[in-house]
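One-letter residues, chain by chain:
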Amino acid sequence: MLLVSMCAPLMASDYVGSAVCKTCHADVWFNFYKNPHYKSIASGDQPPERTGCEGCHGPAKAHVEAHGGKTTIPRAFSLMEPKAVLDACLTCHARDFVKVNVRRSEHSMADVACTSCHSIHKSPVSQFLLAKTQTELCYGCHAPVRAQFSMPSKHRVNEGFMACTDCHNPHGAFAPTWRMADQPRMVEQSTGNQEPCLKCHADKRGPFAFEHPPVRVEGCEVCHYPHGSTNAKLLRRPVVFTLCLQCHNGADGFGTRNNGIDLLSSSHNMLDPRYQRCTMCHVRIHGSNSDLYFLR
Amino acid sequence: MRKILLFGWMILARTALAQPVVTPTPDQAGSPRGENTGDYNVVDSVELGYRMAIIGGDLGMYRTDVNFGDGIRLLSSNLSVNSKDGHGRWFDTIVFTTLGLGNDPYQSATLRVEKNKLYRYDMLWRLDDYYNPGLTVAAGEHFMDTTRRMQDHNLTLFPQAKVQLHMGYSRNTQDGPALSTVQLFDNSSSSLGSTFPLFSNVRTIQDQFRLGADVELAGFKLSLTHSWVYFREDESDQENGLTSGDNPSAGVNLTQFQRTAPYHGVSPYWLANLNRSSQYWAVNGRLTYVGGRGDYVLNEGAFGVTPLGAQNQQVVVGGNAARPSVTGDLSITLFPGTRLTVVNNTSVDSLRINGDSGFLQFNDATQTSNTIDFRYLGIQTIANATDLHYRVTHWLSLYGGYHYSTRRIQDIEDYTAPGTPGTDLSYEQENQQQEGLFGIRIKPLKAMTISLETDTGRANHPFTPISPRNYQALGGRFDYRVRKLTLNAAYKENYNNNSITLTSYSSRARNYNAGGSWAPYDWLTLDASYAKLHLDTVSGVAFFAGLPLTSETSEITGLNEIYISNIHAGNLIARFVVKRRVDVYLGYNITRDTGDGRNSAAPAGLAGPLSLFVPVQTFPLSYQSPLFRISVRLNPKLRWNMGWQYYNYHEDFGLESFYQGYHANTGYSSVSYSF
C-alpha cells in the first residue's frame, strides 16, 4: 500500500497548501520561518510542488482526508528508500554545484541518504540543517578517523578550527588528480584540481623549478597522515630518515628515471646522527626553486 | 513547550559525543525561542569566561599538541536574526558565530547574511597559533612559532534565480619567527661541510579572487568560475656572529650569513561544469584549467673559515617555474528503474611542470661556476570507473565496480654550462592499474545493516616502492540504530605488496572499531567507542654507513626496515541532567600505541647498521585526557559553567634522546547568557 501511495502520480489538484498542514503540525510550523526551506513560501511565486510542506512531502489531500498517518503522505522520508530520498531532494538541489557528484558519491552508493545527515525540521546547528554537529555526524560512521583526530599530532577538527568539509565534500567529488585518480574519492580539490592541503598550506603549492616528484605524483599522503598521527608533523614514521629510506633505496624500476629512486650519496654515513635528520639539509623537501636537491 | 525543551536536552546529549575539548559549553540549541523585534526574531547566546592551564613537563610539546593558555575569553557566541515573513527590508537571515576569541590558539568567526532572492553573503575567519619546537625532526633547529590567519568571503547574487552570480575573496597568511638550517660551505663533502641554524622570519600571503556564474537553461546547469590566486613569500634568513655549526669536527666556522629569497606566484584557473539529470539518467562534466607560474630570486652571502682557508661565497639564483594543468571529467549515471544505478566516470588529467633556474655561484677564494638547471615533469592520467548498485530487495543490496587507470610520467633533466651543449636526459614510464570491488549490504531488520566488501587491485609499474602494486582490502560493518540505542562495529584490512627483485615492500593495516550510544532517558546519555589501528610494514633499504664515523663508508644492502604500530583508542562519555538545572558531562579519551610489544627501545650492545633501525621501528606512547564539565541553569537566560580537562602525554622510549612527555591541568569557568 505504501509503495502504491509513493508511486502514485502527484496530481496538481491534490495540493492543499501549507496553511492546512499547520493545523495539526503546529510544532513544525512554529519555527519554520527560520528554516532555509521557508524561502519557497516567502517567495510566493513557486508552484505548489515546489513550495512549503508539500514541496517536499507531496500533495497532502489524501493525508488530510485520512486524518493523518505516515502511509498517506506521498513522500514520508522516514519510510522512503535512500534513492527515493535523494531523488526528492535533488528536485531542487541538483542545481547546486557542490552536489553535482552526489549520484556517484561513495555515500550514495552506500545508501547514505540526505536524511542520514540532515534534519530538516529539527536541526540543532545554525547552518545546513545538519542532524548533529558536523564532526559528530562524520565520526558516527568513520570511527577510525575519530581516533586519528584524537592523536597528539592532528589537524584541529575537534578544537573547532577546522571541519571535515574543509577537505572533503560529503556530496561527492571529482576524481582526484593525483595517485592513480582512484583514491581518495571524496576530497574537495583546491583551485579546481589540486590537493585540498594546498588551500591552507599555500607555500607548498609552487610551482617549483625542482619539484619533489612524489608530492605531485602520489600526493601529500605519501609521507603524511592527513587526519592525525602519533608522530610529529603528521608523518607516517616517528623519525624522518626511515621515511626517506623507504623510497631512496635505488631499487630498479621506480622514480622519474625509471631506474630507481636515488640512493643516498656515499658521503652520507647514516650511522652519523647528522645524516639521520634528512630535512636538516634538504630543508625545501616539498620543492625548491634554487636547488635540485632541495638544499635552499 | 515541554516537547521543545525535551528535544533541546536530547540534542545536547547527542552532540556531546564529539566534544573532546572541554570548551565551549555546548549551546542550548533548539530550546531558545528568541525575542521578537519588529519583523525579526533574534536568538542570541554568549559564553564569556576565564581559561586556565597549569603545565608540567615538556612545555613545547604541550604547545604543539594542545596550546590552550590562561586568560579571559569569549569562548563562544551565536547570533541568529530571522525575518518572520521572509520579506525583510535589507536582510532575511543573519547567522553569526564565534569561537575562542580573545587569545585562544584556535579562533574562528562565521557570518551569513541573506536576503531572499537577492543575495547571500558568507564569511569565515580563522586564526591558528602554530607552535612546534621540532625536536624529533630537526633537534629543535626547525622551531616554529607562527600564526596563520585565513578569511573567506563569498557573495552570491540572485541565489534562487536561474542565473546566479558569484564573487569571492580569500586571504591566507602565515607569519612569525622560526628557525631553519643551511648547509655550508660544501654541499657534496661531509668533511668540509656543516649545518648551521638560522633565524628565519616566516611571511607568506595568498590572495584569491573568484568570479563565477551558474546558469540554468533547457534543463542544463552550467557553472563557470574564473579565479586568480596570488602567492607571495618574502622570507629572510640571517645569522650574525661566529658559529661552528652542527659538525664541529669539520673545522668550518661561519661568521656571517644573510639570505633573501622573495617568491611571487600566480595560479589563475578556469572551471566549467555542465550537468543535467532526468528521471532515468544524469550526466555531469567538468573542465578545469590551472595555469600556475612562479618567479623568484635568491641572494645568499656567506662568510666563514674552513680548513682550506677563508671562504667568501655568494649565490645568486633567479628564474621561473610554470605548471599548467588541464583536467576533464565526464560522469554518466543511469538508473533504469528504482533498483539499479550504474555510474561511469572518465577522468583525464594532464600536468606539466617546467622552469628555468639560473644558478650563479661565486667563490671568491677559489672558483666561479655558472650553471643552468631545470627539470621537466609531465604527468598524464586517464581513468575510467564503472560502479553498479543493485537493490535486489528492500533488505538486500549488491554493489560492484571496475576501475581502470593509466598514467604516463615524463621527465627531462638538463644541466648546461655556458659554452657546452645541454645533457637533456629524458625518461618515460607508464603505469596501468586495474581494480575490482564487490560488496553486499543486508538489512535483516529495519534498524540493522550489515555490510561486507572487498576491493582488490593490481598496478604494473608503481611510482615509488611504497605505492600500491598488489593490494586488497576486506571489510565488514554492522550498524544497529534505534531511537535510544546505537551500536556499531567494523573491521577493515588493507594489504599492499610491492616486491621486485632488489627490494620489497609490504604493508598490512588492520582496523577494528566498535562503539555504542545509549540514551535511556532524556536526562542520561552514555557513549563508548574503541578502535584498534594496526599497521606493520617491511621495506627493503640500501644506504651507506661505516664505523668509525670518519672512515670510508660502504653500501649496506639486504636489510629490512620494519615498522610496527598498534594503536588502541578509547572514548567514554557520560552525560546526565539533574532536575533540569544541572548538566554534567564526564569524558575520557585515550590513545595508546603499544608498539611491537618490546620493553626497551633497543637491546644493549646493539651496534652497526641495525642500531640505526631497531630503536625507531616502534614508538610506543600514551596520550590520555579525562574531562569534566558542569553547567548550572541560574535562570532561563543565564547559566554558570565550569570545566576541567587533564592531558597526559607519555613516550615510552623517546626519540633521539628526547622525552617530550607532559601533563597539564586545563580548565575554565564561564557564564552563558542566551535568549
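Calculation rules
Numbering of residues starts from 1 in each chain and follows the order in which that chain's sequence is written. Here the convention is simple: chains get letters from A, ligands get numbers from 1, in the order in which they are written. pLDDT decides what is reported in this predicted model: residues at 70 or higher carry local features, side-chain atom pairs at 80 or more are listed and counted, and totals for whole chains, interfaces and linings draw on all residues regardless. Side-chain figures throughout are based on the complete set of non-hydrogen atoms in the structure, without hydrogens or water. Helix numbers and strand numbers start at the N terminus; a helix is a DSSP run of H or I with at least 4 residues, a strand a run of E with at least 2. Atoms counted for the radius of gyration: C-alpha only. Globule rule: 2.2 Å times residue count to the power 0.38. Throughout, exposure labels follow a simple rule: accessible area from a 1.4 Å probe, protein chains only, divided by the maximum for the residue type, with under 20% read as buried, over 50% as exposed, and the rest as partly exposed. Disulfides are defined in this document as cysteine sulfur pairs within 2.5 Å. Confidence of the prediction at every residue is given by pLDDT, a number between 0 and 100. Any two residues having at least one pair of non-hydrogen atoms within 4.5 Å are treated as being in contact. Defined here as a combined quantity, buried area equals the accessible surface (1.4 Å probe) lost by two parts on assembly, summed across both. The salt bridge criterion pairs a side-chain nitrogen of Lys or Arg with a carboxyl oxygen of Asp or Glu, the two atoms within 4 Å. Identification of polar contacts relies on pairs of N or O atoms within 3.5 Å, with a donor-acceptor requirement for protein atoms, meaning one able to donate a hydrogen and the other able to accept it, and with residues adjacent in sequence counted only if both atoms are side-chain atoms. Side-chain classes follow a simple rule in which Ala, Val, Leu, Ile, Met, Phe, Trp, Tyr, Cys and Pro form the nonpolar group, Asp, Glu, Lys and Arg form the charged group, and the remainder, Gly included, forms the polar group. In this analysis, rings of Phe, Tyr and Trp, with Trp reduced to its six-membered ring, are considered paired at centre separations within 6.5 Å, and the interplanar angle assigns stacked below 30 degrees, edge-to-face beyond 60, and tilted for intermediate values. Lysine NZ or arginine CZ positioned within 6 Å of the ring centre and within 35 degrees of the ring normal marks a charge as sitting over the ring. Each nonpolar core is a collection of buried residues, namely Ala, Val, Leu, Ile, Met, Phe, Trp, Tyr and Cys, held together in the definition by side-chain atoms within 4.5 Å.

Undergrad: Would you mind going over the overall build of chain A with me for this structure?
TA: Along its length, chain A carries 15 helices and 4 strands. Whereas a compact globule of 296 residues would reach a radius of gyration of roughly 19 Å, chain A reaches 26 Å, over 25% beyond that. C-alpha extents for chain A along the principal axes are approximately 90 × 35 × 35 Å. In chain A, which comprises 296 residues, the proportion classed as buried is 54%.

Undergrad: Hey, could you run me through the state of the cysteines in this one?
TA: Think of a disulfide as a covalent bridge from one cysteine sulfur atom to another cysteine sulfur atom. Residue and element names in this part refer to chain A. Following the criterion strictly, the structure yields 0 disulfides over all chains and no others. Free of any disulfide, C56 has its nearest cysteine sulfur in C92, 6.8 Å distant. On the basis of relative accessibility, which here comes to 31%, the residue C56 falls in the partly exposed class. No disulfide involves C141; its sulfur sits 7.3 Å from that of C117, the nearest cysteine.

Undergrad: I keep staring at the confidence of the model for chain B and nothing clicks. Help me out?
TA: Low pLDDT marks stretches whose predicted atomic positions should not be read closely. Scored by pLDDT, chain B comes out at a mean of 88, with 91% of its residues at no less than 70. Confidence metrics for the complex model read pTM 0.92 and ipTM 0.92.

Undergrad: When you look at the interface of chain A and chain B in this model, what are you seeing that I'm missing?
TA: The extent of an interface is frequently quoted as the accessible surface area lost upon association of the parts. Taken together, the contacts link 134 residues of chain A with 207 residues of chain B. Carbon and sulfur atoms supply 57% of the area buried between chain A and chain B, which totals about 14,200 Å² over both sides. When the area that chain A buries against chain B is broken down by residue, the three leading residues are F161(A), M180(A) and R296(A), summing to 6%. Inspection of the region where chain A meets chain B yields 13 salt bridges. Across the pair K117(B) and D45(A) runs a salt bridge, and its minimum N-O distance is 2.8 Å. At the boundary of chain A and chain B, one finds 53 residue pairs in polar contact (both at pLDDT 80 or more). Take the side of chain A that touches chain B: its biggest share by element is 6 residues, from helix 13 (residues 240-247) of chain A. Among the residues forming the side of chain A that touches chain B, the class breakdown is 56 nonpolar, 42 polar and 36 charged.

Undergrad: In this structure, what is going on with the packing of aromatic side chains? I would like to understand it.
TA: A ring pair, where both rings are aromatic, is described by two values, the distance of the centres and the angle of the planes. The tally for this structure, following the rule as stated, stands at 19 aromatic pairs over all chains. Ring centres 6.2 Å apart and planes at 15° place the aromatic pair W644(B) and Y646(B) in the stacked group. Taken together, the ring pairs in this structure connect Y62(B), Y623(B), Y649(B) and Y662(B) into an aromatic cluster. We note R63(B) situated over the ring of Y131(B); from NZ or CZ to the ring centre the distance is 4.0 Å. Its end group placed over the ring of F161(A), R126(B) keeps NZ or CZ at 5.7 Å from the ring centre.

Undergrad: I would appreciate a short explanation of the nonpolar core in the present structure.
TA: If you look at soluble globular proteins, the nonpolar side chains tend to sit buried side by side. If you look at the biggest cluster of nonpolar residues, it comprises 45 residues, and the most contacted ones within it are F241(A), L245(A), M270(A), F543(B), F613(B) and Y662(B). If we ignore the near neighbours within four places in the chain, the residues touching L245(A) are L264(A), M270(A), G540(B), V541(B), A542(B), F543(B), E561(B) and F613(B).

Undergrad: Honestly, unusual backbone geometry in this entry has me stumped. Any pointers?
TA: Note: most peptide bonds trans; most residues except glycine with negative phi. Residues and elements named next belong to chain A. Here Q183 and P184 are connected by a cis peptide whose omega angle stands at -5°. The topology assignment puts P184 in the loop between strand 1 (153-154) and strand 2 (210-211). A positive phi is found at D111, a non-glycine position, where the angle reads about 65°. The residue D111 is located in the loop between helix 8 (106-109) and helix 9 (114-117) in this model.

Undergrad: Help me understand the pattern of salt bridges, please; the structure alone is not making it clear to me.
TA: Side chains that differ in sign of charge can pair as their charged atoms come close. Scanning all chains against the criterion turns up 44 salt bridges over all chains. As a salt-bridge pair, E106(A) and R185(A) come within 2.8 Å of each other at their nearest N and O atoms. With a gap of 79 residues between them, E106(A) in helix 8 and R185(A) in the loop between strand 1 and strand 2 connect regions that are remote in the sequence. Of the charged contacts, one joins R257(A) and E413(B) as a salt bridge, the two residues approaching to 2.7 Å between their closest N and O atoms. Here E413(B) lies in strand 17 (residues 396-416) and R257(A) lies in the loop between helix 13 and helix 14 (273-276), a pairing that spans two chains. A single salt-bridge network, built from bridges that share partners, covers D291(A), R296(A), D237(B), R259(B) and E300(B).

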